Amino acid sequence: MIALELTNVKDFMNTLLKSDTFDHFLLQEAVITGAASYVIDGHITTGFYSEEEMEEQGLTGLSMLPFSQLRGICFDLIKGKKAPASFRFVFLLSPDNLAKTLISLQSSYTPNDLSGVFINIKYQNQLLTLTTGVSYRIFSTDKTLDHAWDQLVLRFLDQRDIRYEELG
């Protein structure tokens, strides 16, 4: 796990909410606190979409919605003259991207070994942070996947000119 301070809040918020940079991640949860608190549970409500709609929207096999489908709602809750008091976004890799990532890393883990591979973004007390995480379904002392995921996230940020400083 790494912990980073995202140093340019305004630029990052534009990247997060006005571009497709994070659209391919699934949104597990968003909590936005302003005049009121809003909690967005990204889990797909069973029975809301027909099988045909799931197929048409590329949601088959997913338990959570891609951020692309919720980004506009999040933007509407955050935009305005006053910054929110706080917010938190919990993103994770889709099953397809998880499988591709494990293959590219030549990992001995399988998607069934993992509950999720996460990016957490939090804004509180005027500090914007990003942390990474890997949640395992099995017991393992091997942390090579954690370290590889950290490096992939750093490369992802660097390639998109998202400025950060590592937190101790």
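Read on for an overview of the structure. (Residues numbered from 1 in each chain as written. Predicted model: local features only at pLDDT ≥ 70, side-chain atom pairs only at ≥ 80, totals over all residues. Heavy atoms only, no water.)

## Considering the overall build of the protein
Part 1 of the argument: Looking only at helices and strands, the protein features five helices and seven strands.
Part 2 of the argument: Each helix and strand of the protein, ordered N terminal to C terminal, gives the series β-α-β-β-α-α-β-α-β-β-α-β.
Part 3 of the argument: For the protein, the C-alpha radius of gyration of 16 Å lies close to 15 Å, the compact-globule estimate for 168 residues.
Part 4 of the argument: Principal-axis analysis of the C-alpha atoms places the extent of the protein at approximately 50 × 45 × 25 Å. (Helix = DSSP H or I, 4+ residues; strand = E, 2+ residues; numbered from the N terminus. Rg over C-alpha atoms; globule rule 2.2 N^0.38 Å.)

## Quick look at the sheet that holds strand 3 (residues 37-41)
Part 1 of the argument: Spatial strand order, 3-2-4-5-6-1-7: seven strands in an open sheet with antiparallel pairing. At either end of the open sheet lies a strand with only one pairing partner, and these are strand 3 and strand 7 (164-166). Put simply, the sheet's adjacent strands are angled 15 degrees from each other on average, direction ignored.
Part 2 of the argument: Where strand 1 (residues 3-6) meets strand 6 (residues 127-136), three bridges bridge the pair, whose relative direction is antiparallel. (Pairing = 2+ DSSP bridges. Axes fitted to C-alpha atoms, helices over the stretch in contact; angles between N-to-C directions.)

## Points about the side chain of D23
Part 1 of the argument: The residue D23 is located in the loop between helix 1 (9-18) and strand 2 (26-33) in this model.
Part 2 of the argument: Judged by relative accessible area, which is 13%, D23 ranks as buried.
Part 3 of the argument: Residues in contact with D23, not counting those within four places in the same chain, are P66, F67, S68 and R71. (Buried < 20%, exposed > 50% of the residue type's maximum accessible area, 1.4 Å probe, protein only. Contact = heavy atoms within 4.5 Å.)

## Quick look at the environment of R137
Part 1 of the argument: Mapped onto the elements of the fold, R137 is located in the loop between strand 6 and helix 5 (144-159).
Part 2 of the argument: The spacing of R137 and G116 is 21 residues in sequence and 9.0 Å in space, taken between C-alpha atoms.
Part 3 of the argument: Setting aside its immediate chain neighbours within four residues, R137 contacts P111, N112, D113, L114 and S115.
Part 4 of the argument: Only 3.5 Å separates the side chain of R137 from the backbone oxygen of N112, close enough to count as a polar contact. (Polar contact = N/O pair within 3.5 Å; in protein donor to acceptor, adjacent residues only side chain to side chain.)

## Structural notes on the pairing of strand 2
Part 1 of the argument: Sheet topology note: the strand 2/strand 4 (residues 86-92) ladder contains seven bridges and is antiparallel. Each bridged residue has a counterpart across the sheet, and for L26 the counterpart in strand 4 is L92.
Part 2 of the argument: By the bridge criterion, five bridges tie strand 2 to strand 3 in an arrangement that is antiparallel. Looking at strand 3, one finds that A30 is bridged to I40.
Part 3 of the argument: Hairpin connection, strand 2 to strand 3: the antiparallel pair is bridged by three residues.

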